[in-house]
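Coordinates in review
Take a look at the letters that make up each chain.
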Amino acid sequence: MKTRTLLFSSSLAIWLVGCLVLFSATRWQGGTGLLLRQLAAGAVGLSLGLALAQLELKRLRQLTWPLFGAGLCSLAVVLVAGTSAKGAQRWLSLGPLGTIQPSEPMKLLLVLALAHLMTRFPARRAGGFLLAWVLTGGAFLMVAAQPDLGTGLVLVAVAFGMLWVAGASPFYLAGVAVGGLGALTFVLKEYQRDRIMVFLHPDLDPMGQGYSLMQSLTAIGSGQLFGRGLLAGHLTQQGFVPENWTDFAFTVVGEELGLAGSLGLLLLCALQLGSLLAIAWRSQDYPRLLATGVAVMLGFQLSVNLAMTMGLAPVVGIPLPLVSYGGSALITNLAALGLVAGLARRSQPRQAAMHPLPLRQRLPLAG
Amino acid sequence: MTLAYTRRLGWLYRCLLLVFALLALRLLYLQAWRGQVLGAMAQENVVRSLPVPAPRGNVYDCRGRVLVRNRAHLVFTIMAASLNDPTGTVRELTRLAELKPAQVRELVRKAQAASIEPLVVSDRLNPRQLARLAEAQGRIPGSRLEVFPIRDYPLGSLACHVLGQVGEVDELTLSQSNRKYEPGDWVGKDGLEASWEDDLRGVSGRRVVLVDVSGRPVQELEEITPSPGRDLVLTLDAELQKVAEDSLQQALNELRWRNGERTGGVVVAMEARTGKVRAMASLPGYDPGWFAGGISSRRFTLLLRDPAAPLLNRALSGTYPPASTFKLITSAAAFAEGLIKPDARFYCQGMLQIGEVPFNCFVRSGHGWLSFEDTLAHSCDVAYYGLGLKLTGKRIGQSASEFGLGAPTGVDLPGEVSGNLPDEKWKVKQVREKWYAGDDANMSIGQGFLTVTPLQMAVVTAAVATDGGVVRPYLVQQVKDGEKTVRSLEPQVVRYVNAPLVAWKRIRAGMRGAVQYGTSVRANIWELEIAGKTGTVENLPSTDNPEGRNHTWFVSFAPYQQPDLVVVVFLEKSGGYGGEVAVPVARDVQLAWHRIARRPPGAKVPDVKAPPRIPQPGSVARPGRAVQPTWSRPAPARPVPRSIPSVVPEPEPEPVVTEPEPLLEPTPLDEPPVGEPVTEPASEPVEPEPEPEPAPVEPEPAPAPAPEQP
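Residues numbered from 1 in each chain as written. Chains lettered and ligands numbered in written order. Predicted model: local features only at pLDDT ≥ 70, side-chain atom pairs only at ≥ 80, totals over all residues. Heavy atoms only, no water.

**Some thoughts on the pairing of strand E19 (residues 484-488) of chain B**
All names here are of chain B. For clarity, the cut-off: Pairing between strands is defined by DSSP: at least two bridges between the two strands are required. Only DSSP runs of H or I covering at least 4 residues are called helices, and only runs of E covering at least 2 are called strands; the numbering of each starts at the N terminus.
Summarising the sheet, strand E18 (residues 476-481) and E19 pair through 4 bridges and their orientation is antiparallel. Its bridge partner lying in E19, Asp 481 is registered against Lys 484. The hairpin formed by E18 and E19 contains 2 residues between the paired strands, and Gly 482 there has a positive phi angle of roughly 65 degrees.

Structure below.
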């Protein structure tokens, strides 16, 4: 099977699972409104992805700076005139069209900008390294000021992954990591610190902060091997797990589809990320950095989200890509996937010539 | 890019693999390893098992009239834990339910505690509040309008002390009940409700429901219907009970008029041969309905503090000296010891010198020569002092305990006391004095340290009426589960009192004599041969009884030839003598039973009307609405024997009716209506039968047989 096809079909399958989850999680509230909006956003994202797949890379590079600039501007507007919800100012109102969350496209824009930058200014040099962090830092600060630490962390992770692959010095990267963690302890807000405390001691406060986590673990665990069946999970259907259509979407899969369904979703995600990395593997320079960036962006969100719902990481607001409800995120993710699929199409002949072995053997399974 | 950086892509790939492996392992742990535990936890979260209270069993009288049943009671509750803004919601609800500020504060405090238990917002709802709250139920999550069965008393306060009340289970019972009860359960607190609790309560059901996160039931998974409690069929006859209470109430009203004090009284009517309690009235009473939906602590305190003790069942929890009624026992003991020969004569000179102390007869001038029967009929004390000295207190005490004094009768009601049967040991220990000959004399006429309950006296009288058979009085004759009889309770003769047969005959003859020519001639009616014995407890003034008014007794049985019903009347602090006020009450009850018992078997069971409502404690008695509408109005159409014109003229109604507020102002005392009855009863026995009353029959029942016969 062509890598591109694998990428496309696994992504589509994940998205379908996402729609089922959304339907199941919002049914007890008696509305399909969220599902319809998610489907509409999916259509938009799909067409945007197809368009990006057709776009010439040269064109893309030309558009990079204006788009990145526009992204930063929209983040600035959010800080000034955004819509607030749950103590954070993250959304821009578009009137009748609903709202958008500019921090989501910023993830993809950062990938584009970093890839563009790193091919001009090599990251293994201090200058390129610094420039990359200036861009990332700018975007991070504007997102973190909303405050949206989760998305900010995704941006930082993307930068780390791309710099690593672009050949930045491990010492520099380690230095940034240590410095960043140190700075973070000062920046963390009260509720964020609480979340970490709750992660470390989940039984401290079972009705308050620990509540989400306890309910999440209970829901996933109660699915047991084959789940309670779609639309039949008690905790899901009666609204016991908070936010189970966004950040805790995986609990629906866990409870209603059981271990079989969860591992299946995990496998789909692995296939998707694997094919992204495979495309990166056989591309060069700019396309490789793009593919790597998208892979890190999706992989980091996926890992952190699943780890969080399973109690392996503190609760941070990072959605599950293609599954969690959220139009902006869905459009961004589908666009990013379309972009990488386009790369695969373009790089195919050359890569085939360079690597006569089938895909499996080409991937460094054994190091 | 160089190959080195391609390798870095490989590291990224391996990192990803590692993360996925970790996640998969975690999934295995959560879902396969701990799946059962977490599944159970989830079940606990979403499934609630709510108790459904079982309706308690009904209580019927011996003719199938309903005494206690259940009715639907609406309660509005809310799950405080499910509220976003408990305080605000509670405030809104309390506005809808029109609660008082103090109740609101209490509710808000509970709501903030955010307990899992549902919070009772209101349980007394009028239709308007009901409509508003029913509408709010849909709007406010976690709120519920629930229906509970609660106790209903169609006959109001009738037989309240027998029936008892229910209340929410208290902490102590809960901790001792060995998981039999749950918090919020209702249990019997007093009377039959308490003593037959295990049969009455039934088994509460369960409703297993699926709840959403706000605790609102969304789906019913399982319902175990409660099984209602068993029904009780009593030996009590509501009709007789009504007559007893009415008659007693009237007597008490007259006493209140005369004494300016609310006092208590008891009527016990029991079948002599079987111990079936046909009526047990203790007044003042209360309305058990006040307790049915939960009584406020203020009201309960008022009831407890009432000096007339309306909650006390005097029939078995009140102890009083038996006075002259005890002479029945002394006589039986004397016969058993052979002290009374067939032709024995007694001489009464008005007093007996024992040691230094003169012991008076209650007729100071003395009775002269008396036969044994006459000593009972005229209640001559001196004759009994003599018997007492010969018998000694020890022998009398032995006989008394054979009759069942000094021990509970074993009636199936809670709170029964033993009374006090003193002996030498007891006196030395409690009074720190030795037993004097005077104590023998005192004991022989039932004064001194001896105390009994009216129910015990009923048993004593029944023993006399049935040649010595001591029965166990009982109230529940059948326990029924629907139509099926689960248990039938049989009469039980505990023991026989040791005395020759002639003793019983002669004692009964003496009691009949008392009615015919002795102390209790007011019971002398042509329709029924009543036999009885009066008693007058002489009291010294005390804080409780500043005037030192006498208690009065009358124990009776009828018909004389074939004793059927024993009626004991006791009046607390009544003043006067036993023959005066107590006797007419017993006569009314005996007569009523005589008519009830003579009804043909298939006759229609007449309905019994509830007695007038007792005003709730704490509600202000306004002059316009008299508290007990009849108490100040002396019997308007009283049947004949009570109004023997020459002896006790009835107080005239006029001054009373115009007097609006007799409750607080005992003004009537200052000018007693007519005559002073207290001083004159001694003349009563002297007088022979007054002119034969032409119609001692009550106006209502008399014409009843008439239409059938012609």
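**What to know about unusual backbone geometry**
All names here are of chain B. At the junction of Leu 283 and Pro 284, the peptide bond is cis and its omega measures out at -5 degrees in the coordinates. The omega torsion of the bond from Ala 558 to Pro 559 falls at -10 degrees, within 30 degrees of zero and hence cis. With respect to the helices and strands, Pro 559 occurs in the loop between strand E22 (551-558) and strand E23 (565-571). Within the chain, Ala 309 stands out as a residue other than glycine whose phi angle is a positive 50 degrees. Backbone geometry at Asp 467 places phi at a positive 55 degrees, although glycine is not the residue there. Residue position: Asp 467 is located in the loop between helix H19 (454-465) and strand E17 (469-471).

**Looking at the pattern of salt bridges**
All names here are of chain B. Threshold: Throughout this description, the term salt bridge denotes a Lys or Arg side-chain nitrogen within 4 Å of a carboxyl oxygen of Asp or Glu. In this scheme, a residue with accessible area under 20% of its type's maximum is buried, one over 50% is exposed, and one in between is partly exposed, where area comes from a 1.4 Å probe on protein chains only.
Counted under the stated rule, the structure contains 30 salt bridges over all chains. We note a salt bridge from Glu 547 to Arg 549, for which the minimum N-O separation is 4.0 Å. The exposure class of Arg 549 is buried, given its relative accessible area of 12%. Overlapping salt bridges bring together Asp 61, Arg 63, Arg 65, Asp 237, Glu 239 and Arg 599 as one network.

**Regarding the interface of chain A and chain B**
What counts here: Note on contacts: a residue pair is in contact if any heavy atoms of the two residues lie within 4.5 Å. Summed over both partners, the accessible area (1.4 Å probe) lost when two parts come together is defined as the buried area.
Listed per partner, the contact involves 57 residues of chain A and 35 residues of chain B. Taking both partners together, chain A and chain B bury about 4000 Å²; carbon and sulfur atoms supply 72% of that area. It is A:Trp164, A:Gln238 and A:Leu277 that lose the most area in chain A upon contact with chain B, and together they represent 14% of the buried surface on that side. At the boundary of chain A with chain B, the tally comes to 0 salt bridges.

**Structural notes on the packing of aromatic side chains**
Residues and elements named next belong to chain B. Spelled out, the test is: The rule is short: rings of Phe, Tyr and Trp, with Trp giving its six-membered ring, pair when the centres are within 6.5 Å, and they are stacked under 30 degrees, edge-to-face over 60, tilted in between.
According to the stated counting rule, one finds 13 aromatic pairs over all chains in the structure shown. For the ring pair Tyr 286 and Phe 291, a centre distance of 5.6 Å and an interplane angle of 75 degrees mean the geometry is edge-to-face. With relative accessibility at 0%, the residue Tyr 286 sits in the buried group. Phe 291 sits in the buried class, given a relative accessible area of 5%. Aromatic side chains Trp 553 and Phe 570 sit 4.6 Å apart centroid to centroid with 55 degrees between the ring planes, which places their arrangement in the tilted category. Taken as a pair, Trp 553 in strand E22 and Phe 570 in strand E23 lie far apart in primary sequence, 17 residues in all.

**Let's talk about the sheet that holds E23(B)**
All names here are of chain B. Counted only if it meets this: Working convention: axes come from line fits to C-alpha atoms, limited for helices to the stretch in contact. Angles between N-to-C directions cover 0 to 180 degrees.
Taken together, 5 strands build an open sheet; the order of strands is E12-E11-E23-E22-E21 and the sheet is antiparallel. Of all the strands in the sheet, the pair left with one neighbour each is strand E12 (277-283) and strand E21 (531-537). Within the sheet, the average angular offset between the axes of one strand and its neighbour, ignoring direction, is 10 degrees. As paired strands, E22 and E23 are joined by 7 bridges and run antiparallel to one another. Note on E23: the bridge partner recorded for Phe 557 is Val 566.

**Examining the sheet that holds strand E1 (residues 83-85) of chain A**
All names here are of chain A. Overall, antiparallel pairing links the 3 strands, which are arranged E1-E2-E3 in an open sheet. The outermost strands of the open sheet, each flanked by one partner alone, are E1 and strand E3 (99-100). Relative to strand E2 (residues 88-93), E1 runs antiparallel, the two sharing 3 bridges. Within E2, the residue paired with Ser 84 across the bridge is Gln 89. The strands touched by helix H3 (residues 57-81) within the sheet are E1 and E2, with E2 carrying the most contacts at an inclination of about 110 degrees.

**Some remarks on the confidence of the model for chain B**
Residues and elements named next belong to chain B. Note the threshold: pLDDT expresses, on a scale from 0 to 100, how confident the predictor is about each individual residue.
Here chain B averages 78 in pLDDT, and 81% of its residues register 70 or above. Here residues 621-710 scores under 50 on pLDDT; set against residues more than four positions off or in separate chains, the count is 97 contacts. For this predicted complex, the interface confidence score (ipTM) comes to 0.89, while the overall pTM stands at 0.65.

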